[in-house]
Each structure stands twice: as C-alpha cells, then as structure tokens.
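Structural characterization, general
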Amino acid sequence: MSCKFIDFIEWAVYNSRKKKRGMMLKRYKTLAESVRFRRELGIWKPVAHDERLIFGGEGRSAVVYRIQGTDKALKVFYPDKVHIAKEEADIYKQLSGIPSFPSLHESGGTYIVIDWINGKTLFECLEEGIDIPGELVDEADRALAAARKRGLNPSDVHLRNIMISDKGRIVLIDVARFRQTKDCMNWEDLKTAYTQFYTKRFFPKRIPKRLLNMIGVMYKKKLLPIYRRKANGVTEHP
C-alpha cells in the first residue's frame, strides 16, 4: 500500500470526523436556542423547548435536558447566567479523566453538553430512604481530592449535586464554583453529619423533603450546631 494512499485515507477520516463534529455542533446549538425562558417573580422558568429535549431538572443558574436517543445532557443557562457556561466548560476540561465527574462533549455561548447520569442525588436517597454506603462517601472524598490536585477548589458541594449512578458509583455534577477562592466547608460538614448522625442506628434513613429543605436553610443561616475540629484538636463552631 503506497504512502499516498495511506495519506488519502487519513485525510478522508479526518475530514469525515470534522464534518460530523460540525454537524453535532450545529445540532447542539439549535437545540439550545430552542429553549425559551420567562421571568416570573424574579425567577427564570423554561417555557418552551425542542421536542427532542426531555426535561431533566432546573437549578439556580440553568435548566437541564436529556437529548432524546442519546446518553448526553444539554445544560442551558438562564439569560443572566450565560457567562457561567464557559466557566463550567473550562472546569470540566480541567477535570477530564477523573471518573467521578461527567465528561464534557461540547459547549457554546449559552450551554454545555455533558454525560447524562442515570441515578439519584443524595438528597433523593435521603428523601426515599435509599441507603448511602460509607464506601461511596469515601469515593466522593477521593474525587474531590483529585480535583484539588488539579488546582481547583471544590465549592458548593451539597446533597443535590452528588449522585449515585445506576451503576452504584458516585458522580459529582454542577462544578461551576470549583474555582472560588474562599474556603467552603460544605463537604467537610456533610462528612461530619454522615459520621455523627447518619451512621447511628437510631438515625432515620428516610427524611421528608420539607424537613431536608428546612435543614438546608438552617445550615445556610448557620443555625445548626455543627462543630469542626481544628488541627490542634480544639473544637469550634462556625
């Protein structure tokens, strides 16, 4: 087989992949642009989207859809949060290769495309009484440690952005705040709560959604008696 023929094959494969990627980019952009929002009482609400998008959930900065017939999620940011799209895309690139984080497939001015994760958040596990094994808490801890080794500062880690996949593995999502410079004790406090309360025999493994939300509000307002142990052994309240 001649070198010219091999070069031609490589050129054809390269161009085929380039064309396919261009088509996918156009498709993702079209799907993202189909999402329409309306502001109600100061809160953005999705009011329309392409029929190929299956609603997955919404948060403080974006709405998430599963792209029909794929294992990919399209995350479209609210009109006043579009600047987060590039930030989160860059962070996912920095996390590439760490198995406990979704892979980034594409990004645009208002959206990112990542793995769709089938599973339950830790919030849903507590609400539904699904057991949360200690090994998975350790797995999340290792994933966050790996993120720190890449120069990131995992922040805003909470029950709704830690998932247990259908395969029984931990997956962390919503990483847009992983570059914050301030110290965030959310994860350390979650580990403390897991050890001091959840693992005790008397502690209920199923907690009503309303109570979980109330605990979350109280935590943010620093009304919960969470004590932290300093390196010198002295215990302090935040």
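Below, the structure is looked at part by part.

What counts and what doesn't
Residues numbered from 1 in each chain as written. Predicted model: local features only at pLDDT ≥ 70, side-chain atom pairs only at ≥ 80, totals over all residues. Heavy atoms only, no water. Patch = residues over 30% accessible without salt bridge, like charges linked within 9 Å, V, L, I, M, F, W, Y side chains within 5 Å. Areas by Shrake-Rupley, 256 points an atom, 1.4 Å probe, with all protein chains shown as cover. Salt bridge = Lys/Arg side-chain N within 4 Å of Asp/Glu carboxyl O. Helix = DSSP H or I, 4+ residues; strand = E, 2+ residues; numbered from the N terminus. Pairing = 2+ DSSP bridges. Axes fitted to C-alpha atoms, helices over the stretch in contact; angles between N-to-C directions. Contact = heavy atoms within 4.5 Å. Phe/Tyr/Trp six-rings, centres within 6.5 Å; stacked < 30°, edge-to-face > 60°. Buried < 20%, exposed > 50% of the residue type's maximum accessible area, 1.4 Å probe, protein only. Lys NZ or Arg CZ within 6 Å of the ring centre and 35° of its normal.

All right, on to a nonpolar patch on the surface then. Together, Leu211, Met214 and Ile215 make up a nonpolar patch on the protein surface, roughly 240 Å² of accessible area in all. Tracing the chain through its elements places Leu211 in helix α6 (residues 209-220).

Below, the discussion takes up the sheet that holds strand β9 (residues 162-165). One open sheet holds the three strands; their spatial order is β8-β9-β10, and the pairing between them is antiparallel. With partners counted over all chains shown, the strands left at the sheet margins are β8 (119-121) and β10 (170-172), one partner each. Neighbour-to-neighbour, the strand axes of the sheet open up by a mean angle of 30 degrees, direction not taken into account. Note that β9 and β10 share three bridges and pair antiparallel. Its bridge partner lying in β10, Ile162 is registered against Leu172. Contacts from helix α4 (residues 134-149) reach β9 and β10, with the element oriented near 40 degrees to β10.

What follows covers the packing of aromatic side chains. Applying the stated rule across the entire model yields six aromatic pairs. Ring geometry for Phe55 against Tyr65: centres 6.0 Å apart, planes inclined by 75 degrees, an arrangement best described as edge-to-face. One end of the pair, Phe55, is in strand β3 (residues 53-58); the other, Tyr65, is in strand β4 (residues 62-67), with 10 residues separating them in the sequence. Its relative accessible area of 0% is what places Tyr65 among the buried residues. Three or more aromatic residues link up through ring pairs in this structure, and these residues are Tyr194, Phe197, Tyr198 and Phe203. Positioned above the aromatic ring of Phe123, the side-chain terminus of Arg160 is 3.8 Å from the ring centre. One residue, Lys205, lies across the ring of Tyr198, its end atom 5.0 Å from the ring centre.

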